[in-house]
Amino acid sequence: MKTRATRRDFLKSVAAVSVATGLPASGSSTQQVEKSGNVQQHSNAASRPVRSQIQFPRQHSGGQLARISFPLGGIGTGGIGLGGRGNLQDWEIFNHSSRGYSPEYGFACMWAKRAGAAPYSVVLERRLLPPYDLQQEGLGSANVPGLPRFAEATFLGSFPTARVEFTDADCPVKVALDAFSPFQPLDADASGLPCAILTYEVHNPSATPVDVAIAWNVDNPLGWSKTRRNQQREAAGVHGLLMDDPSLPADDPMHGTFVLAALAEDSSAVEVLKTWRGGGWHIGAQHFWFDEFSKTGRLGDENEPSSPVGSVAIRKSIPAAQTKTFRFLLAWHFPNRTPERCGWDSPKGDEKVVLGNYYSARFPDAWEAAQYTAANLPELEKATQGFVGALRDSTLPDVVKEAASANLSTLVSNTSFRIADGSFQGFEGCGDNAGLGFGTCTHVWNYEVATQFLFPSLARSMRDTNFGYSTDAEGHMDFRHKLPLGKEHWGAAAADGQMGQIVKLYFDWKLSGDDDWMRAHWPAAKRALQYAWRPNGWDGDKDGVMEGVQHNTYDVEFYGPNPMCSSWYLAALQASSLMADVAGDKPFAQECSELARKGSEWIDANLFNGEYYIQQVRGIHRDQIASGLIEGMGAKNPLKPDYQVGPGCLVDQLIGQYMATLAGLGPLLNEDHIRKALQSIYRYNYKPNLNHHASVERVYALNDEAALVICDYARGGRPEVPMPYYSEVFTGVEYAAAALMMANGMVDRGVECIENIRRRYDGEKANPFDETEYGRHYARPMASWAAIPMLSGFQYDGRTRQLQIAPRWNAKNFQSFWSTPTAWGSFHLGPRSFVLKPSTGSIQLRELKLPWLQTGKLRVSHGGKEITQTVKHEGGAMIIAFTRPLDITSASPLSVEL
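Structural notes, computed from the coordinates. Because the structure is a prediction, the values reported are computed rather than measured.

Conventions adopted
Residues numbered from 1 in each chain as written. Predicted model: local features only at pLDDT ≥ 70, side-chain atom pairs only at ≥ 80, totals over all residues. Heavy atoms only, no water. Pairing = 2+ DSSP bridges. Helix = DSSP H or I, 4+ residues; strand = E, 2+ residues; numbered from the N terminus. Axes fitted to C-alpha atoms, helices over the stretch in contact; angles between N-to-C directions. Contact = heavy atoms within 4.5 Å. Buried < 20%, exposed > 50% of the residue type's maximum accessible area, 1.4 Å probe, protein only. Parallel < 35°, antiparallel > 145°, perpendicular 65-115°, else oblique. Left-handed = near helix turned anticlockwise from the far one by under 90°. Core = buried A, V, L, I, M, F, W, Y, C linked by side-chain atoms within 4.5 Å. 1 Å grid on protein atoms, 1.4 Å probe; cavity = no way out; pocket = protein on both sides within 12 Å on 5 of 7 lines; lining within 4 Å. Points joined across faces, edges and corners; volume = space filled by probe spheres on them. Nonpolar A, V, L, I, M, F, W, Y, C, P; charged D, E, K, R; others polar.

### Considerations on the sheet that holds strand 45 (residues 894-897)
(1) Moving on: Read from one edge of the open sheet, six strands run 37-38-39-45-41-42, paired in antiparallel fashion. Whereas interior strands pair on both sides, the edge strands pair on one side only; in this sheet they are strand 37 (814-820) and strand 42 (865-867). Each neighbouring strand pair of the sheet contributes to a mean axis angle of 20°, computed without reference to strand direction.
(2) Moving on: As paired strands, strand 39 (residues 833-841) and strand 45 are joined by four bridges and run antiparallel to one another. In the strand pairing of strand 45, F834 is matched with V896.

### Here we look at the side chain of S307
(1) Moving on: Counting through the fold element by element, S307 comes out in strand 22 (residues 306-307).
(2) Moving on: In this structure S307 touches T275, W276, R277 and G278, once residues within four positions along its chain are discounted.

### Looking at the pairing of strand 9 (residues 106-114)
(1) Moving on: Counting buried residues in strand 9 gives eight out of nine residues, a clear majority hidden from the surface.
(2) Moving on: The pairing of strand 9 with strand 16 (residues 210-219) spans nine bridges and is classified as antiparallel. Pairing of A108 across the sheet is with W216, part of strand 16.
(3) Moving on: In terms of strand pairing, strand 9 meets strand 10 (residues 120-126) through four bridges, oriented antiparallel. Considered in strand 10, the bridge of A112 is made with Y120.
(4) Moving on: Here strand 9 folds back onto strand 10 in antiparallel fashion, the turn holding five residues, of which G116 has a positive phi close to 85°.

### Focus: the packing of helix 10 (residues 456-466) against helix 11 (residues 495-512)
Relative placement of two packed helices is described by the angle separating their axes and the distance separating the axes.
(1) Moving on: With their axes 10 Å apart at the nearest point, helix 10 and helix 11 run at an angle of 135° to one another. By the angle class used here, helix 10 and helix 11 are oblique. Both helix 10 and helix 11 take part in a crossing whose hand is left-handed. Only Q501, K504, L505, D508 and S512 of helix 11 make contact with helix 10, whose side of the interface consists of A459, R460, M462, R463 and N466.

### Concerning the nonpolar core
(1) Moving on: The biggest cluster of nonpolar side chains holds 238 residues, and the ones touching the most others in it are M110, Y554, Y658, W785, F834, L836 and L894.
(2) Moving on: When residues in this core are grouped by element, the largest group, 12 residues, is from helix 13 (residues 563-582).
(3) Moving on: Setting aside residues no more than four positions away along its own chain, L836 makes contact with F794, L803, W818, S826, F827, I843, L845, I888, P893 and L894.

### Here we look at empty space enclosed by the protein
(1) Moving on: Inspection of the entire model under this criterion finds five cavities of 30 Å³ or more.
(2) Moving on: In this structure, the second largest cavity is lined by F453, W785, I788, P789, S792, F794, F817, W818 and S819.
(3) Moving on: Of the residues belonging to the lining of the second largest cavity, the class tally is seven nonpolar, two polar and no charged.

Below, the structure is given as structure tokens:
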């Protein structure tokens, strides 16, 4: 990349921020904890900042490289994992999960020669890490584990970019790998390219020139057929191989193309070898390495018989004390996504219907995708680096930035895809060979906000589906949907999923200010809310409280009033009131508002036990349960239902409040009760370690790891058959609780909870770019992004064009990344100054609210020109109203000085 920060540069920048802010580089903190029986007592004294072990970019070395698989690829394209050693693994580009798969050969190597010295050759990876996965043939011969590699490596991850720095005392040059795929907020197309860019940075530390050749070698990945072929191709700046198999039928799942290419301005510096020598018994690899590359740095000539392994090399002379880069591009194109292949449910007979991929509808083959990427790479790279830089330079706690960034990788995993019509689809997570939890499950995807803040077109696509075919004339919303759409409904509704989608519709509308879009979906949203009022439904007596049978994200039905589903319901009522008002349905708006008030009062009076909110379990006769509410995995006897929360302290008892806070809906319940409930979650559900935490359920955290467990019964009363997963740990639920803590005076606690999650995903115990629940790359942990708007206090209303800034972290000297559906960038807030500058796009502003109490002369400039305004103070903040709407761009930033 044109502008690269080395590890040393990064550490210098962290130190500079630390000095400027007066905070430790991590920005994290911990609390004093005392044990009292089974309940944790936490000191109310101010917590002491400590230096976090987690920085951003996060560093891994030694044993922490073992589990890293950093997804390279675009949104909806599948991807290839960059291993912690600098190797490529987990080639999952074939429209389904394929953990552990890689072609027979897929590796890079380097040759270096200084005048008068013997040539040095090495595979561009760190040595394999023990314990070795020995099979019946040892480590085998795939990807030549017996060739020389570097002694050590350091992996620096800041998704969507990664850097691997190699070290070895015997190597005559210093080598690093920068890897990324284009990823820029707001532009799902630019972020949806089926490619990976690998740039090797080679520094010559000596006083004499050195000749260096770097080669990439790939076995044609289209299966094992003898008819696979590699064709040499050249275009402006792109030189390489187009790999395919002409014998595959056009509808075959493996029908497609793959590109291995060098990106070089000077074509004479590039060498291409279409095929290695064949003949069996590893002849090709032996000939390539021993007879050609390690001796001369050349690829050699084609020979017969041949094997479908191709190579592309770049050769350069590096003067003394200088650095040069060697850039390669991998691209792929596999159009035949079917429900059966990826693991999605379909109507009977449609299992093999080709749904397609959006990226394959944009490009006819991998070569066209590679050419497009190469032609636009300067702009794509600048935007990608700009995003990482804006996040890196934010004065938010490092671990918050690291968690938010790392979980964005789920968007480029096989959890997420876009079919040919462009619509966004998502599994819950990835199995090893197929997706898990099909249907963009509403109650799972409700937790994440990364799409809403960074890719609003994808968020709105989900709303288009859920308020389109998924919602029927009665208001029943399938919490999963089958593909192709339009033929068969899933048949079950989830109370938390359906209510949460109403809240998210409101949130998308508020961010975008698109009244027409909201109005188009309002009739379906109104039906979805009214569905709760059916006789024997969720709120059959229409009192603002869900007493009915409520299927939910714990895969069972809750019987009776409970805080989790009720908080989603209260948020949906509030959101519906506001949408109905704009849609011209004033009586309905008033009705929703009144129901929200009544429900809130009842829940505070009847479910709050003095410390937190509980469930009142109520048996219901089967004949008094409306249709469509039971999914089939819950209680067998609805009169005495199993799998209930009862008096337990549920970690996401306030999940509706979490989304309501992000959406600016305000408190849904008594604010003192909300704070006490969050304190109780920290008191009961938070475990400083799990050494003595007993669980017979699935295990996602253990031993000395700290976590928030799903439900705690320290006060007693655990049902004989409690809710499923109660003793488990879900990171997505932890992130949501942590973000809500941050918004309610428990910033240190929230940061601590996030730090605990990320310590569990350290590279040695688990992959930092793959948080699991029901499958790998689970969607719910993208709730980690919520901590950024919660801590920055950045709230924008696209309808009124009002912006509020109210940082909850280091408010006196604060800088943060921000995004709206039309722009993203950074803002800086000091004691007497504020600057808002987009990096991309524009944001319209009529009113600005800043957390300033001071009075005095105010100077506001827009694009360097001073403008007039009116000022008032209200609720401990300064509100600045502009005489005309401002269009804030990178060329015309907003500056306020007091």
